[in-house]
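An overview of the molecular structure
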Amino acid sequence: MTPGVAPRPAGSPSRDLAPAVLAGALALVLLLAQPASCWALSDAQQLVVESWRLVNQSYVDPERFEAVNWRRLRQKAMEKSIQSSEDAYAAIEAMLAPLGDPYTRLLRPADFASLKANTEGTVSGVGLQLGLRPEAPGQGNEAPGQENEAPIVVIAPLEESPADQAGIVSGSDLLRVDGVLTRDLGLEGTAARLRGPAGSRVLVQLRLANGKEREVELERREVAIKPVRERLIERGGHRLGYVRISQFSEPVPSQLREVLGGFERSGVEGVILDLRNNSGGLVAAGLASADDLLDGQPIVATVGRDGLESPQQASPGRLYGGPMVTLVNGGTASASEILAGALQDDGRSPLLGERTFGKGLIQTLIGLGNGSGLAVTVARYATPSGRDIQNQGIEPDQRLAGPEPLDPGGSNDAWLESAATSLVARLDATPKARQDHPAQAVQP
């Protein structure tokens, strides 16, 4: 027997096991002390974590994360009970809200699918083109009891769409969608609420030009969007080409090239480009369209989260090099402002109309795997002269007198008449030989 050491009773555990027992107990304590993120997450919880990660790695302004305590926002989101997709959506929206960027947002499955389809040239909806009525609320233009209603107006129904077949006319105010005030939805929210699965129905409330209100239920269906429309205009002995781009989607560059080629074959002497109420769309489509109108000139500079500028330059040569004027208004935004800013800064085309919207931010769409997605602001852009147009817009070279036409390109479009008059004046001031052979008019 070793002196000073008591004998071990029979059946008692060996002291050699004590460190193992202690280690096991310590491991259990440490495991219990780990944050919840180390445990298996449900699909709904994973949606929140993944959304945070995607925004964290791509958002344009990392300094904003410090201001809103971005990591704490993730923690607060995960402290909530997240049992379903709807719980996850609510948590993601609450997490994104403090960023103060309305363009960085969650898109539920129906909205994500509709937005993607919209950029591809088709959409499931009712076929209403919407805009903001030029008169701002509170300026004395509202009828009694209408002061708080958003001035969202029907620009035009798409041909053969449900709205067209229901007899909805241009100039009608859109007051409610499924009982929700368009004032609360805003322009983008109203458009999103009108979209939905083919075969579903939506109730809209309108106020007609005569002041009477009308409710109509419309059945959504696939609507083919024609974002590029054109026609020939004869003015002052000149043949003009008019082309309107209502949004930038995937088919736009090829459609624009086809239109410009047709103008050349028709002997067009000058072009009116109409970007009114073009709220943007695919930036790549806007850049490709600019490439057809500019000859090796700068288009835009994008500024990413690292603060570095990435200039975009047009290719040498252009599809159309003749005289042109461009119409813009307060609905001209994002990708259409990129094009308008380049045309103005490069001296390619004067802008006529009203100051543009001022959306100088670029978003990317990211799918989340369950049909939903994120729109995340990933860059800012500046015009070739270095103008940052976010919240400022682009001032046209010539402001046109109101009231602003509600149906751009329609039969009573006074602004189009002004543009035609301006273009004819430019043509009359240009030697005939230069009109017959505009510099670099055709790109091989």
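Here is a short report on the structure shown in this document. (Residues numbered from 1 in each chain as written. Predicted model: local features only at pLDDT ≥ 70, side-chain atom pairs only at ≥ 80, totals over all residues. Heavy atoms only, no water.)

Focus: helix 11 (residues 335-345)
Convention followed: For each residue, the accessible area found with a 1.4 Å probe, counting protein chains only, is set against the maximum for its type, and the residue is called buried under 20%, exposed over 50%, and partly exposed in between. Under the DSSP-based scheme used, a helix requires at least four consecutive residues in state H or I and a strand at least two consecutive residues in state E, with every element numbered from the N terminus. Two residues qualify as a contact provided that any one of their heavy atoms is within 4.5 Å of a heavy atom in the partner residue.
The buried fraction of helix 11 is high, at 10 of 11 residues. Among all positions of helix 11, only Ala335, Ser336, Glu337, Ile338, Leu339, Ala340, Gly341, Ala342, Leu343 and Gln344 are buried. As for helix 11, its buried residues are in contact with strand 12 (270-274), helix 10 (283-291), strand 13 (298-303), strand 15 (324-328), strand 16 (351-353) and strand 18 (373-382). Backbone geometry just downstream of helix 11 places Gly347 in the positive-phi region, at approximately 70 degrees.

Side note on the nonpolar core
Counted only if it meets this: To form a nonpolar core, buried Ala, Val, Leu, Ile, Met, Phe, Trp, Tyr and Cys residues must be joined to one another through side-chain atoms within 4.5 Å.
Judged by nonpolar contacts, the single largest core of 36 residues is most densely connected at Val243, Ile245, Phe248, Leu273 and Ile299. Those elements giving two or more residues to this core turn out to be strand 11 (238-245), helix 9 (252-265), strand 12, helix 10, strand 13, strand 15, helix 11 and strand 18. Ranked by residues supplied to this core, first place goes to helix 11 with six residues. The next biggest cluster of nonpolar side chains, apart from the first, holds 26 residues, and it includes Leu47, Ala77, Leu96 and Leu374.

Considerations on the packing of helix 9 against helix 10
To keep it simple, the criterion reads: Only C-alpha atoms enter the line fits that serve as axes; for helices the fit covers just the stretch in contact. Angles between N-to-C directions range over 0 to 180 degrees. In these notes the angle categories are as follows: under 35 degrees is roughly parallel, over 145 is roughly antiparallel, 65 to 115 is roughly perpendicular, and the rest is oblique. Put simply, a crossing is left-handed when the front helix is turned counterclockwise from the back one by less than a right angle, and right-handed when it is turned clockwise. Each residue is assigned to one of three groups, with Ala, Val, Leu, Ile, Met, Phe, Trp, Tyr, Cys and Pro labelled nonpolar, Asp, Glu, Lys and Arg labelled charged, and all others, Gly among them, labelled polar.
The contact between helix 9 and helix 10 brings their axes to 8 Å, and the two run at 25 degrees. With respect to helix 10, the axis of helix 9 lies roughly parallel. Crossing of helix 9 over helix 10 shows right-handed handedness. Contacts between helix 9 and helix 10 involve Val252, Pro253, Leu256 and Arg257 from the former and Ala285, Ala288 and Ser289 from the latter. Across the contact of helix 9 with helix 10, the residue classes break down as five nonpolar, one polar and one charged.

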